[in-house]
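What follows is the residue order along each chain.
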Amino acid sequence: MFVTDDSSDVDGSSYTDDGVSVIGTPVWTLTASEVSDAVMASLVPVSEFAELTSTLDDDASHHRVSEEDAAYWLQDALEDDFWYDAETGHRYSAMLVLGDGTAFGQLGSSPEFPEPSEENGFGGSDVFLDDPRVADAINRLHAAEAGEFAPGTGYLQVAPTGPEPSPILHCGDISCDRRDRMVAAIHAPWYRIGALNGSTIAGKTGCTGAKVGPRAVLTNSHCVLKDDGWVLNGYFHPGQDYGNHLHAGGTAVPWSGVFARDWRTHRKFDYAIVYLEDRQSAVNLGWFGITWCNSGAEYDGKSVYGAGYPGEMELCAASPFESKECKGDMYYDLDYLGSSDYRSNGRDDENLAYDLDAQPGHSGQPIFRTTNNAILAVHWGGFSDVDDRYFGARFRWSMYNDVCNWIAAVSSNHGTHPNCN
């Protein structure tokens, strides 16, 4: 159902989506009626409404986290009564918060789902193996490792200097920015990645998300669980290109409701699902698969992409604009993982480390295999005392079961996930 909301970010234009003519902003809110009976039966109603905030941005404090930051956030989480079951005193492992702030807590682990595998496409809606960018990027990476910077539009080239943006991984300015700009994300899986924010207008950024189900977008929980409350409604801009919506009917797709772990307790829990309005055009984008490895040796030598939407005012070496501002475009980088990038203890337990350039706005971007487009981790940022790696919450059985359960929680009339249903 679409209505005009004059208080929203409306450009006043009319458009057609899925055959429905709309004036203004499409408004949709996730309610309990759309959540599966099985999932609802496993949750505990929370007596209080969630505190709401409308600011979906990627706070730069998550870009480089200090020990003091982590200690503060942990204490904040442990003292947050909203996360405790009033009857048993047990802390919820995850929470579903509907679009109006009605909340439900999950006690214990999610149910188990079928293991994603190559035979079932890792749960993705397809496996796209012939993207020419993969071979090109790998060849250029080899050239750079050999000391020969290859020409191109920004990827692995010697970048021009400019005003200092938020720190790039290696040197703090864009002189070593290796990311390339994605020009028109017209191929899978690139158009399954989008900017998440509160605006209907293309070109705006906030955090990044990736479709992992017919209506499910994977992002960081720190993007939706903020210091001053929850962000429960917004817009997903799949494959946006500067000021253009190239997909999903040519408009941003409303999202509402959040299922999330509490990132404040540990960064291995920095993941969440937000739910899209049930549009045929959005389901038709398809979705990523998911996979993981169980040891450092299994990760060694695997090539991965990280792709997301840096803040529009951040600076990107491959930007076509004289100012070098990123301007709401997608930027991506490629890396080969090493065995030590599998982390299994301490503050980076169950994280994946990688050498991929990123800035605020990239939070929530998928870290995915170049060969099968299956997501290995969801990027959240890095530690202030580690200057050669960023980190993402690494998929493993427990995280996969969470995400799969959350995908299954809200079904679509236009498509079904092969594993998570």
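It should be noted that the structure appears before, not after, this text.
Analysis parameters
Residues numbered from 1 in each chain as written. Predicted model: local features only at pLDDT ≥ 70, side-chain atom pairs only at ≥ 80, totals over all residues. Heavy atoms only, no water. Salt bridge = Lys/Arg side-chain N within 4 Å of Asp/Glu carboxyl O. Helix = DSSP H or I, 4+ residues; strand = E, 2+ residues; numbered from the N terminus. Buried < 20%, exposed > 50% of the residue type's maximum accessible area, 1.4 Å probe, protein only. Contact = heavy atoms within 4.5 Å. Disulfide = S-S within 2.5 Å.

1. Some details on the pattern of salt bridges
Side-chain pairs of opposite charge can arise where the charged atoms are in close proximity.
Now for step 1: Under the defined criterion, the tally for this structure stands at 22 salt bridges.
Now for step 2: Linking Arg 261 and Asp 402 is a salt bridge whose minimum nitrogen-to-oxygen distance equals 2.8 Å. Placement of the pair is Arg 261 in the loop between strand E13 (253-260) and strand E14 (272-276) and Asp 402 in helix H6 (residues 397-409), with a sequence separation of 141 residues. Like Arg 261, the residue Asp 402 is buried in the burial classification.
Now for step 3: The partner of Asp 349 in a salt bridge is Lys 268, and the shortest N-O contact between them spans 3.4 Å. Of the two residues, Asp 349 is situated in the loop between strand E17 (331-336) and strand E18 (351-354) and Lys 268 in the loop between E13 and E14; the sequence distance between them amounts to 81 residues. Each member of the pair, Asp 349 as well as Lys 268, carries the same accessibility label: buried.
Now for step 4: Bridged by salt links that share partners, the residues Asp 76, Asp 80, Arg 91, Asp 262 and Arg 264 form one connected network.

2. Focus on the environment of His 247
Now for step 1: Along the chain, the position of His 247 falls in the loop between strand E12 (233-238) and E13.
Now for step 2: Look at His 247 and you get buried, because its relative accessible area is 13%.
Now for step 3: Each C-alpha atom, one on His 247 and one on Leu 285, is 7.8 Å from the other, the two residues being 38 residues apart in sequence.

3. Focus: the environment of His 245
Now for step 1: Tracing the backbone shows His 245 in the loop between E12 and E13.
Now for step 2: When its relative accessible area of 17% is taken as the criterion, His 245 is described as buried.
Now for step 3: Sequence separation of His 245 and Ile 201 is 44 residues, and the distance between their C-alpha atoms is 8.7 Å.
Now for step 4: Setting aside residues no more than four positions away along its own chain, His 245 makes contact with Thr 200, Ile 201, Ala 202, His 237, Gln 240, Gly 250, Thr 251 and Ala 252.

4. Brief notes about the state of the cysteines
Now for step 1: In the structure shown here, the tally under the stated rule is three disulfides.
Now for step 2: The partner cysteine of Cys 316 in its disulfide is Cys 326, sulfur to sulfur 2.0 Å. A torsion of 95° about the S-S bond marks the disulfide between Cys 316 and Cys 326 as right-handed. With a gap of ten residues between them, Cys 316 in the loop between strand E16 (303-308) and E17 and Cys 326 in the loop between E16 and E17 connect regions that are remote in the sequence.

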